[in-house]
Amino acid sequence: MSDIIKLLPEHVANQIAAGEVIQRPSSIVKELLDNSIDAGATHIKLIVKDAGKALVQVIDNGKGMSETDARMCWERHATSKITSIADVFKIKTMGFRGEALASIASVAKVELKTKRDEDAVGTFIVIEGSNTITQEATACPTGTSITVKNLFFNIPARRNFLKSNPVELRHIIDEFTRAALANPSIGFELFHNDDLLHNLKPADFAFRICDLFDDKKPENLLLFEEQTTIINASGFIGKPQIAKKTRGEQFIFVNNRFIKDAYLNHAIVSGFENIIAKDQYPFYCINIEIDPSKIDVNI
Ligand code: ADP
Ligand code: MG
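Residues numbered from 1 in each chain as written. Chains lettered and ligands numbered in written order. Predicted model: local features only at pLDDT ≥ 70, side-chain atom pairs only at ≥ 80, totals over all residues. Heavy atoms only, no water.

Visitor: Outline the pattern of salt bridges, supporting the account with residue identities and numerical values.
Guide: Taken as a whole and judged by the stated rule, the model has 14 salt bridges. Where Lys216 meets Asp215, a salt bridge forms, and the shortest distance between an N and an O atom there is 3.1 Å. (Salt bridge = Lys/Arg side-chain N within 4 Å of Asp/Glu carboxyl O.)

Structure representation (C-alpha coordinates):
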(Lines give C-alpha, C1' and ligand atoms only; values in the text may rest on other atoms or scores of the structure.)
(Ligands and ions follow the chains in the order given, each with its own letter.)
Protein backbone atom coordinates (compact mmCIF):
# COMPACT_ATOMS: atom_id res chain seq x y z
CA MET A 1 0.00 0.00 0.00
CA SER A 2 1.24 3.52 -0.76
CA ASP A 3 1.85 6.19 1.89
CA ILE A 4 -1.31 7.90 3.08
CA ILE A 5 -0.25 10.81 5.31
CA LYS A 6 -0.53 14.29 3.76
CA LEU A 7 0.21 17.74 5.17
CA LEU A 8 -2.98 19.83 5.21
CA PRO A 9 -2.97 22.91 2.98
CA GLU A 10 -2.55 26.14 4.99
CA HIS A 11 -6.14 27.36 4.43
CA VAL A 12 -7.59 24.05 5.62
CA ALA A 13 -5.37 24.11 8.73
CA ASN A 14 -6.59 27.68 9.36
CA GLN A 15 -10.24 26.67 9.00
CA ILE A 16 -9.76 23.83 11.46
CA ALA A 17 -7.98 26.15 13.91
CA ALA A 18 -10.82 28.63 13.37
CA GLY A 19 -13.24 26.04 14.71
CA GLU A 20 -11.65 26.45 18.13
CA VAL A 21 -11.34 30.24 18.11
CA ILE A 22 -14.38 31.39 16.10
CA GLN A 23 -17.64 29.76 17.10
CA ARG A 24 -20.02 32.67 16.43
CA PRO A 25 -20.05 36.40 15.64
CA SER A 26 -19.32 37.26 19.28
CA SER A 27 -16.02 35.33 19.05
CA ILE A 28 -14.94 37.80 16.37
CA VAL A 29 -16.06 40.71 18.53
CA LYS A 30 -13.98 39.41 21.42
CA GLU A 31 -10.83 38.90 19.32
CA LEU A 32 -11.07 42.30 17.61
CA LEU A 33 -11.78 44.17 20.84
CA ASP A 34 -8.84 42.41 22.51
CA ASN A 35 -6.56 43.48 19.67
CA SER A 36 -7.71 47.11 19.86
CA ILE A 37 -7.15 47.13 23.62
CA ASP A 38 -3.68 45.61 23.12
CA ALA A 39 -2.95 48.31 20.51
CA GLY A 40 -3.39 50.99 23.16
CA ALA A 41 -6.63 52.43 21.76
CA THR A 42 -8.41 55.07 23.84
CA HIS A 43 -11.54 54.87 21.71
CA ILE A 44 -13.10 51.76 20.17
CA LYS A 45 -16.18 51.65 17.97
CA LEU A 46 -17.98 48.35 17.36
CA ILE A 47 -20.48 48.15 14.51
CA VAL A 48 -22.53 45.01 13.89
CA LYS A 49 -25.23 44.18 11.37
CA ASP A 50 -27.68 41.27 11.57
CA ALA A 51 -26.28 40.30 14.96
CA GLY A 52 -22.82 40.09 13.45
CA LYS A 53 -23.75 37.52 10.80
CA ALA A 54 -23.57 40.13 8.02
CA LEU A 55 -20.97 42.47 9.52
CA VAL A 56 -18.66 42.95 12.49
CA GLN A 57 -16.47 46.03 12.30
CA VAL A 58 -14.10 47.39 14.93
CA ILE A 59 -12.52 50.82 14.51
CA ASP A 60 -9.83 51.90 16.95
CA ASN A 61 -7.43 54.80 17.41
CA GLY A 62 -4.61 52.54 18.58
CA LYS A 63 -1.06 52.38 17.30
CA GLY A 64 -1.92 50.94 13.87
CA MET A 65 0.31 48.72 11.72
CA SER A 66 3.05 49.20 9.17
CA GLU A 67 2.42 48.05 5.61
CA THR A 68 4.36 44.82 6.20
CA ASP A 69 2.63 44.12 9.50
CA ALA A 70 -0.75 44.75 7.86
CA ARG A 71 0.03 41.84 5.54
CA MET A 72 1.74 39.66 8.15
CA CYS A 73 -0.97 39.83 10.81
CA TRP A 74 -3.17 37.41 8.78
CA GLU A 75 -0.60 34.61 8.94
CA ARG A 76 -1.03 31.88 11.52
CA HIS A 77 1.31 32.25 14.52
CA ALA A 78 1.91 35.88 13.52
CA THR A 79 2.07 37.96 16.70
CA SER A 80 3.93 41.02 17.95
CA LYS A 81 3.24 40.05 21.55
CA ILE A 82 5.63 37.18 22.34
CA THR A 83 8.87 35.86 20.93
CA SER A 84 9.65 33.04 23.36
CA ILE A 85 7.82 30.70 25.73
CA ALA A 86 9.19 32.71 28.67
CA ASP A 87 7.13 35.69 27.46
CA VAL A 88 3.93 33.68 27.97
CA PHE A 89 4.55 33.76 31.72
CA LYS A 90 4.75 37.54 31.90
CA ILE A 91 2.02 38.25 29.40
CA LYS A 92 0.10 41.48 30.00
CA THR A 93 -1.72 41.62 26.66
CA MET A 94 -5.08 39.97 25.92
CA GLY A 95 -3.80 37.99 22.95
CA PHE A 96 -0.47 36.32 22.23
CA ARG A 97 -1.16 33.18 20.15
CA GLY A 98 -1.24 34.99 16.83
CA GLU A 99 -4.17 32.86 15.66
CA ALA A 100 -7.21 35.11 15.79
CA LEU A 101 -6.81 37.08 12.56
CA ALA A 102 -5.64 34.03 10.58
CA SER A 103 -8.70 32.12 11.81
CA ILE A 104 -11.11 34.97 11.04
CA ALA A 105 -9.67 35.44 7.55
CA SER A 106 -10.21 31.75 6.76
CA VAL A 107 -13.96 31.82 7.51
CA ALA A 108 -15.10 35.30 6.42
CA LYS A 109 -14.44 38.19 4.03
CA VAL A 110 -12.22 40.71 5.76
CA GLU A 111 -11.00 44.22 5.12
CA LEU A 112 -8.26 46.01 7.00
CA LYS A 113 -7.44 49.70 7.01
CA THR A 114 -4.58 50.71 9.24
CA LYS A 115 -2.08 53.51 9.70
CA ARG A 116 0.61 54.36 12.22
CA ASP A 117 1.03 57.93 13.41
CA GLU A 118 4.44 58.23 11.76
CA ASP A 119 3.21 57.12 8.31
CA ALA A 120 1.79 59.54 5.76
CA VAL A 121 -0.52 56.95 4.22
CA GLY A 122 -2.14 53.80 5.52
CA THR A 123 -2.66 50.33 4.08
CA PHE A 124 -5.88 48.80 2.78
CA ILE A 125 -6.13 45.03 2.43
CA VAL A 126 -9.01 42.75 1.37
CA ILE A 127 -8.89 39.02 2.08
CA GLU A 128 -11.42 36.32 1.19
CA GLY A 129 -11.04 32.77 2.47
CA SER A 130 -7.35 33.41 3.33
CA ASN A 131 -6.53 34.83 -0.16
CA THR A 132 -5.39 38.44 -0.50
CA ILE A 133 -7.62 40.10 -3.12
CA THR A 134 -6.46 43.70 -2.80
CA GLN A 135 -3.61 45.58 -1.19
CA GLU A 136 -3.10 49.28 -1.74
CA ALA A 137 -2.12 52.53 -0.04
CA THR A 138 -5.03 54.50 1.40
CA ALA A 139 -5.75 57.69 3.28
CA CYS A 140 -7.04 56.89 6.77
CA PRO A 141 -6.69 58.15 10.33
CA THR A 142 -4.12 56.65 12.71
CA GLY A 143 -5.42 53.38 14.10
CA THR A 144 -7.02 50.27 12.70
CA SER A 145 -10.37 49.36 11.21
CA ILE A 146 -11.17 45.69 10.62
CA THR A 147 -14.35 44.69 8.80
CA VAL A 148 -15.54 41.07 8.90
CA LYS A 149 -18.37 40.27 6.50
CA ASN A 150 -20.48 37.16 5.87
CA LEU A 151 -19.11 34.95 8.62
CA PHE A 152 -18.85 31.28 7.54
CA PHE A 153 -19.75 32.20 3.92
CA ASN A 154 -17.52 29.31 2.87
CA ILE A 155 -18.69 26.83 5.56
CA PRO A 156 -22.51 26.56 5.18
CA ALA A 157 -22.76 23.90 7.89
CA ARG A 158 -21.33 26.30 10.46
CA ARG A 159 -23.42 29.21 9.20
CA ASN A 160 -26.61 27.16 9.59
CA PHE A 161 -25.58 26.31 13.13
CA LEU A 162 -25.72 29.97 14.23
CA LYS A 163 -28.62 30.87 16.52
CA SER A 164 -31.34 33.48 15.98
CA ASN A 165 -30.34 37.16 15.79
CA PRO A 166 -31.53 38.00 19.33
CA VAL A 167 -29.40 35.15 20.74
CA GLU A 168 -26.30 36.05 18.72
CA LEU A 169 -26.71 39.75 19.56
CA ARG A 170 -26.94 38.86 23.26
CA HIS A 171 -23.55 37.08 22.99
CA ILE A 172 -22.09 40.16 21.28
CA ILE A 173 -23.42 42.53 23.94
CA ASP A 174 -21.96 40.22 26.61
CA GLU A 175 -18.48 40.43 25.03
CA PHE A 176 -18.81 44.20 24.61
CA THR A 177 -19.90 44.56 28.25
CA ARG A 178 -16.94 42.53 29.52
CA ALA A 179 -14.43 44.58 27.50
CA ALA A 180 -16.04 47.85 28.56
CA LEU A 181 -16.10 46.85 32.25
CA ALA A 182 -12.47 45.73 32.20
CA ASN A 183 -11.35 48.99 30.56
CA PRO A 184 -13.31 51.95 31.93
CA SER A 185 -10.64 54.41 30.77
CA ILE A 186 -11.33 53.49 27.12
CA GLY A 187 -14.31 55.07 25.33
CA PHE A 188 -16.56 52.51 23.60
CA GLU A 189 -19.43 52.76 21.13
CA LEU A 190 -21.71 49.95 19.99
CA PHE A 191 -23.97 50.17 16.93
CA HIS A 192 -26.37 47.45 15.79
CA ASN A 193 -28.05 47.96 12.39
CA ASP A 194 -27.35 51.70 12.70
CA ASP A 195 -28.88 51.95 16.19
CA LEU A 196 -26.51 53.31 18.82
CA LEU A 197 -26.85 50.84 21.71
CA HIS A 198 -24.03 52.20 23.89
CA ASN A 199 -21.92 55.33 23.91
CA LEU A 200 -19.52 55.01 26.83
CA LYS A 201 -17.20 57.90 27.65
CA PRO A 202 -13.91 57.22 29.45
CA ALA A 203 -14.84 56.99 33.12
CA ASP A 204 -13.99 55.49 36.47
CA PHE A 205 -15.13 51.96 37.30
CA ALA A 206 -18.32 52.91 39.18
CA PHE A 207 -19.42 55.36 36.50
CA ARG A 208 -18.75 52.78 33.77
CA ILE A 209 -20.96 50.23 35.57
CA CYS A 210 -23.81 52.74 35.87
CA ASP A 211 -23.35 53.78 32.24
CA LEU A 212 -23.55 50.17 31.01
CA PHE A 213 -26.45 49.00 33.15
CA ASP A 214 -29.47 51.31 33.18
CA ASP A 215 -30.70 49.89 36.46
CA LYS A 216 -27.44 50.45 38.43
CA LYS A 217 -26.99 53.61 40.51
CA PRO A 218 -23.89 54.62 42.51
CA GLU A 219 -25.88 54.39 45.75
CA ASN A 220 -26.63 50.71 45.01
CA LEU A 221 -22.96 49.77 44.67
CA LEU A 222 -20.52 48.98 47.45
CA LEU A 223 -16.81 49.52 46.87
CA PHE A 224 -14.73 46.53 47.76
CA GLU A 225 -10.92 46.54 48.10
CA GLU A 226 -8.63 43.86 49.46
CA GLN A 227 -4.86 43.63 49.27
CA THR A 228 -2.78 40.61 50.16
CA THR A 229 0.84 39.79 49.42
CA ILE A 230 -0.25 37.77 46.38
CA ILE A 231 -3.27 39.58 44.96
CA ASN A 232 -5.03 42.92 44.90
CA ALA A 233 -8.76 42.60 44.48
CA SER A 234 -11.12 45.51 44.03
CA GLY A 235 -14.46 46.27 42.50
CA PHE A 236 -18.10 46.78 43.26
CA ILE A 237 -20.76 44.60 44.79
CA GLY A 238 -24.44 45.34 44.31
CA LYS A 239 -26.53 45.95 47.40
CA PRO A 240 -29.11 43.21 48.09
CA GLN A 241 -31.97 45.30 46.63
CA ILE A 242 -30.49 45.04 43.11
CA ALA A 243 -30.02 41.27 43.22
CA LYS A 244 -31.84 39.46 40.40
CA LYS A 245 -33.62 36.19 39.85
CA THR A 246 -31.52 35.53 36.76
CA ARG A 247 -27.80 35.01 36.51
CA GLY A 248 -25.61 37.02 34.13
CA GLU A 249 -24.42 40.08 36.02
CA GLN A 250 -21.54 38.46 37.87
CA PHE A 251 -18.18 39.59 36.54
CA ILE A 252 -14.74 38.48 37.66
CA PHE A 253 -11.64 39.75 35.86
CA VAL A 254 -8.08 38.55 36.43
CA ASN A 255 -5.62 41.16 35.20
CA ASN A 256 -8.46 42.68 33.16
CA ARG A 257 -9.29 39.35 31.51
CA PHE A 258 -12.88 38.12 32.05
CA ILE A 259 -13.04 34.71 33.70
CA LYS A 260 -15.75 32.35 34.92
CA ASP A 261 -14.91 30.53 38.10
CA ALA A 262 -17.43 28.50 40.06
CA TYR A 263 -15.25 28.47 43.18
CA LEU A 264 -14.80 32.27 43.34
CA ASN A 265 -18.46 32.77 42.45
CA HIS A 266 -19.48 30.50 45.30
CA ALA A 267 -17.19 32.36 47.72
CA ILE A 268 -18.74 35.71 46.79
CA VAL A 269 -22.33 34.50 46.74
CA SER A 270 -21.95 32.82 50.11
CA GLY A 271 -21.15 36.28 51.50
CA PHE A 272 -24.76 37.14 50.68
CA GLU A 273 -26.19 34.17 52.57
CA ASN A 274 -29.24 35.17 54.64
CA ILE A 275 -29.08 38.66 53.07
CA ILE A 276 -30.71 37.86 49.76
CA ALA A 277 -33.25 35.15 48.93
CA LYS A 278 -31.89 31.78 47.90
CA ASP A 279 -33.22 32.12 44.34
CA GLN A 280 -31.53 35.49 43.76
CA TYR A 281 -28.13 36.32 42.33
CA PRO A 282 -26.11 39.33 43.51
CA PHE A 283 -24.51 41.79 41.08
CA TYR A 284 -20.74 41.96 41.34
CA CYS A 285 -17.86 43.18 39.28
CA ILE A 286 -14.42 42.41 40.67
CA ASN A 287 -10.93 42.76 39.24
CA ILE A 288 -8.14 40.64 40.67
CA GLU A 289 -4.60 41.80 39.98
CA ILE A 290 -1.96 39.11 40.24
CA ASP A 291 1.63 38.77 39.07
CA PRO A 292 1.27 37.16 35.59
CA SER A 293 4.05 34.67 36.40
CA LYS A 294 1.79 33.21 39.13
CA ILE A 295 -1.00 32.22 36.74
CA ASP A 296 -1.26 30.20 33.59
CA VAL A 297 -3.15 32.25 31.02
CA ASN A 298 -3.89 29.07 29.10
CA ILE A 299 -6.04 27.93 32.02
P1 ADP B 1 -2.40 38.03 18.82
O2 ADP B 1 -3.37 39.06 19.32
O3 ADP B 1 -2.48 36.75 19.59
O4 ADP B 1 -0.98 38.55 18.67
P5 ADP B 1 -3.93 38.24 16.35
O6 ADP B 1 -4.11 37.29 15.21
O7 ADP B 1 -5.15 38.64 17.11
O8 ADP B 1 -2.86 37.59 17.33
O9 ADP B 1 -3.20 39.55 15.82
C10 ADP B 1 -1.93 39.42 15.16
C11 ADP B 1 -1.13 40.69 15.30
O12 ADP B 1 -1.71 41.73 14.50
C13 ADP B 1 -1.04 41.28 16.69
O14 ADP B 1 0.01 40.68 17.44
C15 ADP B 1 -0.78 42.76 16.41
O16 ADP B 1 0.61 43.01 16.20
C17 ADP B 1 -1.50 42.99 15.09
N18 ADP B 1 -2.83 43.63 15.30
C19 ADP B 1 -4.01 43.01 15.29
N20 ADP B 1 -5.03 43.87 15.52
C21 ADP B 1 -4.46 45.09 15.68
C22 ADP B 1 -4.97 46.42 15.95
N23 ADP B 1 -6.29 46.64 16.11
N24 ADP B 1 -4.06 47.43 16.03
C25 ADP B 1 -2.74 47.20 15.85
N26 ADP B 1 -2.20 45.99 15.62
C27 ADP B 1 -3.04 44.94 15.53
MG1 MG C 1 -5.40 38.95 19.20
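Visitor: Outline the sheet that holds strand 1 (residues 43-49), supporting the account with residue identities and numerical values.
Guide: Pairing between the strands of a sheet comes from backbone hydrogen bonds, and it takes one of two forms, parallel or antiparallel. Taken in spatial order, the eight strands line up as 5-4-3-6-2-1-7-8 in an open sheet, and their pairing is mixed. Taken across any chain shown, the strands that pair with only one partner, and hence form the sheet edges, are strand 5 (131-138) and strand 8 (195-200). Averaged over all pairs of adjacent strands, the angle between their axes in this sheet comes to 10 degrees, without regard to strand direction. Where strand 4 (residues 122-128) meets strand 5, seven bridges bridge the pair, whose relative direction is antiparallel. When the bridges of strand 5 are listed, Ile125 appears paired with Gln135. Running at roughly 10 degrees to strand 2 (residues 55-60), helix 2 (residues 25-38) makes contact with strand 1, strand 2 and strand 6 (143-149) of the sheet. (Pairing = 2+ DSSP bridges. Helix = DSSP H or I, 4+ residues; strand = E, 2+ residues; numbered from the N terminus. Axes fitted to C-alpha atoms, helices over the stretch in contact; angles between N-to-C directions. Contact = heavy atoms within 4.5 Å.)

Visitor: Please set out the environment of Leu212 residue by residue, giving values where relevant.
Guide: As for its placement among the helices and strands, Leu212 is situated in helix 8 (residues 205-212). With a relative accessible area of 8%, Leu212 lands in the buried category. Residues within four places of Leu212 in sequence aside, it is in contact with Phe176, Thr177, Ala180, Leu181, His198 and Leu200. (Buried < 20%, exposed > 50% of the residue type's maximum accessible area, 1.4 Å probe, protein only.)

Visitor: If you had to explain the nonpolar core to someone new, which residues and values would you point to?
Guide: As a rule of thumb, soluble globular proteins bury nonpolar side chains together. Of all hydrophobic cores here, the largest spans 59 residues; its most connected members are Leu32, Leu46, Trp74, Val148, Leu181 and Ile209. Looking at this core element by element, the count peaks at eight residues for helix 7 (residues 165-182). Residues within four places of Trp74 in sequence aside, it is in contact with Leu101, Ala102, Ala105, Val110, Leu112, Ile125, Ile127 and Ile146. Core analysis: the second largest hydrophobic core is formed by twelve residues, Ile237, Ile286, Ile288 and Ile290 among them. (Core = buried A, V, L, I, M, F, W, Y, C linked by side-chain atoms within 4.5 Å.)

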